[in-house]
Amino acid sequence: QVHVVESGGGLVQAGGSLRLSCVFSGRTFSSYELGWYRQAPGKERELVAAITSGGGTNYADSVKGRFTISRDNAKNTVYLQINSLKPEDTAVYYCAADPSYYRLLRLGRADYWGQGTQVTVSS
């Protein structure tokens, strides 16, 4: 059985940083495409960053230069380093894993999802 556990969210002031972590267990995820989504109150869920099994990355325009996604296949873990936080980054952040980069990146679908971690940025 697969388990997905996120951590690292919290309350920070604008301009601060956070590092989100997401650990997958129950199978090997080195061949999976991984991503981070977020959903703010009253808004649709959006992809903020994705990383292929080979290490290629994609970012939403709103987070380019501030967010960095990375993965450690030995630890079955994906990270999201968030710098220069803005109040508009406030949302619940979800990690996701899917065998298809197209499904993850374009369709917002994934076989596995984290439970979500709250990021709140105060101005």
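Residues numbered from 1 in each chain as written. Predicted model: local features only at pLDDT ≥ 70, side-chain atom pairs only at ≥ 80, totals over all residues. Heavy atoms only, no water.

### Observations concerning the pairing of strand β9 (residues 91–98)
Point 1. Among the 8 residues in β9, 6 count as buried, and that is most of the element.
Point 2. Direction of pairing for strand β4 (residues 33–39) relative to β9: antiparallel, over a ladder of 7 bridges. From the neighbouring strand, Leu-34 faces β9, where its bridge partner is Ala-97.
Point 3. In this sheet, strand β11 (residues 117–122) lies alongside β9 in antiparallel orientation, the contact comprising 3 bridges. Its bridge partner lying in β11, Tyr-93 is registered against Thr-117.
Point 4. Alignment of β9 against strand β10 (residues 112–113), held across 2 bridges, turns out to be antiparallel. Bridge pairing in β10 links Ala-97 to Tyr-112. (Buried < 20%, exposed > 50% of the residue type's maximum accessible area, 1.4 Å probe, protein only. Helix = DSSP H or I, 4+ residues; strand = E, 2+ residues; numbered from the N terminus. Pairing = 2+ DSSP bridges.)

### A look at the packing of aromatic side chains
Point 1. On inspection of all chains with the given rule, the structure shows 5 aromatic pairs.
Point 2. A centroid spacing of 6.0 Å and a plane angle of 45° characterise the contact between Tyr-32 and Tyr-112, whose relative ring orientation is tilted. Linking Tyr-32 in the loop between β3 (18–25) and β4 with Tyr-112 in strand β10, this pair joins segments that are 80 residues apart in sequence.
Point 3. Judged by relative accessible area, which is 6%, Tyr-32 ranks as buried.
Point 4. Summarising the aromatic geometry, the rings of Tyr-37 and Trp-113 are spaced 5.1 Å apart at their centres and angled 55° between planes, so their arrangement reads as tilted. Within this pair, whereas Tyr-37 is found in strand β4, its partner Trp-113 is found in strand β10, the two being separated by 76 residues in sequence.
Point 5. Taking relative accessible area as the criterion, Tyr-37 reaches 2% and is therefore assigned buried.
Point 6. An aromatic cluster of at least three residues, connected via ring pairs, comprises Phe-24, Phe-29, Tyr-32 and Tyr-112.
Point 7. Over the ring of Tyr-79 we find Arg-19; its NZ or CZ atom is 3.9 Å from the centre of that ring. (Phe/Tyr/Trp six-rings, centres within 6.5 Å; stacked < 30°, edge-to-face > 60°. Lys NZ or Arg CZ within 6 Å of the ring centre and 35° of its normal.)

### Section: the pairing of β4
Point 1. With 6 of 7 residues buried, β4 is to be regarded as a mostly interior element.
Point 2. In this sheet, strand β5 (residues 46–51) lies alongside β4 in antiparallel orientation, the contact comprising 5 bridges. Bridge assignment links Arg-38 to a residue of β5, and that residue is Glu-46.
Point 3. Count of turn residues in the β4/β5 antiparallel hairpin: 6 residues, of which Gly-42 carries a positive phi of about 75°.

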